[in-house]
Amino acid sequence: QAHVEESGGGSVQAGGSLRLSCAASGGTFSSYAMGWFRQAPGKEREFVAVISWSGGVNTYYADSVKGRFTISRDNAKNTVYLQMNSLKPEDTAVYYCAARIRYASYYPSEYDYWGQGTQVTVSS
């Protein structure tokens, strides 16, 4: 059974950058698709990005973050990263790391393990 924990959130000005980290344990890290989701107050949790290993490294991004965010993973450290550049106030949310066995998904309900979340606040 996997456990995940996010870190790296904070407050930045619009146009700034943050890098989120997600450390995983309790499973075979490379066998999980690792996703990032976010949830703003009063809104549903939404997909941000996911990375998986299935015949190679595969990455997918929400249209709203494509070109600004980059997801990566370091299997030796059992850690996935989300590099967030050119941040906008609309990116303000609690960001969650999640693990899904083997295959990537866009849907929060299909992930097996979740972190506690880390707050990202972007001011205008």
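Every value quoted in this text rests on a predicted model; they were computed, and no experiment measured them.

The rules we used
Residues numbered from 1 in each chain as written. Predicted model: local features only at pLDDT ≥ 70, side-chain atom pairs only at ≥ 80, totals over all residues. Heavy atoms only, no water. Helix = DSSP H or I, 4+ residues; strand = E, 2+ residues; numbered from the N terminus. Rg over C-alpha atoms; globule rule 2.2 N^0.38 Å. Buried < 20%, exposed > 50% of the residue type's maximum accessible area, 1.4 Å probe, protein only. Contact = heavy atoms within 4.5 Å. Areas by Shrake-Rupley, 256 points an atom, 1.4 Å probe, with all protein chains shown as cover. Lys, Arg positive; Asp, Glu negative; His and termini not counted. Charge placed at Lys NZ, Arg CZ, Asp CG, Glu CD. Disulfide = S-S within 2.5 Å. Pairing = 2+ DSSP bridges. Phe/Tyr/Trp six-rings, centres within 6.5 Å; stacked < 30°, edge-to-face > 60°. 1 Å grid on protein atoms, 1.4 Å probe; cavity = no way out; pocket = protein on both sides within 12 Å on 5 of 7 lines; lining within 4 Å. Points joined across faces, edges and corners; volume = space filled by probe spheres on them.

A. Quick look at the overall build of the protein chain. Broken down by element type, the protein chain carries zero helices and 11 strands. Taken against the 2.2 N^0.38 rule, which gives 14 Å for 124 residues, the C-alpha radius of gyration of the protein chain at 13 Å falls within 12% of a compact globule. Seen along its three principal axes, the alpha-carbon backbone of the protein chain occupies a region of about 40 × 25 × 25 Å. Buried positions account for 43% of the 124 residues belonging to the protein chain. Of the contacts formed within the protein chain by residues at least 6 apart in sequence, a portion of 59% connects residues at least 24 apart. For the protein chain, the exposed area adds up to about 6,300 Å²; of that, 45% sits on carbon and sulfur atoms. In the protein chain, 11 side chains carry a positive charge and 10 a negative one; their mean positions are 5 Å apart.

B. Seen up close, the state of the cysteines. Scanning the model with the defined rule gives one disulfide in all. For Cys-22, the disulfide goes to Cys-97, at an S-S distance of 2.0 Å. Between Cys-22 and Cys-97, the disulfide has an S-S torsion of -85 degrees and is therefore left-handed. Highlighted residues: Cys-22 in strand 3 (residues 18–25) and Cys-97 in strand 9 (residues 93–101), separated in sequence by 75 residues. As far as burial versus exposure is concerned, Cys-22 and Cys-97 are alike and both buried.

C. Region of interest: the pairing of strand 4 (residues 32–39). Burial analysis of strand 4 places seven of its eight residues in the buried class, which makes it a mostly covered element. Where strand 4 and strand 9 come together, eight bridges link them in antiparallel fashion. Residue pairing in the sheet places Phe-37 in a bridge with Tyr-96 of strand 9. Remark: six residues form the turn of the hairpin made by strand 4 and strand 5 (residues 46–53), two consecutive strands paired antiparallel; Gly-42 in that turn has positive phi of roughly 80 degrees.

D. Structural detail: the packing of aromatic side chains. If you walk through the whole model with that rule in mind, you get eight aromatic pairs. Taken together, a centroid distance of 6.2 Å and an interplanar angle of 80 degrees make the contact between Tyr-32 and Tyr-113 edge-to-face. Here Tyr-113 lies in strand 10 (residues 113–114) and Tyr-32 lies in strand 4, a separation of 81 residues in the sequence. The residues Tyr-32 and Tyr-113 share a single accessibility class, namely buried. For the pair Phe-37 and Phe-47, a centre-to-centre distance of 5.8 Å together with 75 degrees between the ring planes defines the contact as edge-to-face. One end of the pair, Phe-37, is in strand 4; the other, Phe-47, is in strand 5, and 10 residues separate them in sequence.

E. View of empty space enclosed by the protein. As enumerated under the stated definition, the model contains one cavity of 30 Å³ or more in all. Roughly 40 Å³ of volume is contained in the largest cavity. Ala-2, Val-4, Ala-24, Ser-25, Gly-26, Gly-27, Thr-28, Phe-29, Tyr-32, Met-34, Asn-78 and Ala-99 are the residues that line the largest cavity. Sorting the residues of the lining of the largest cavity by element identifies strand 3 and strand 4 as the ones contributing at least two each.

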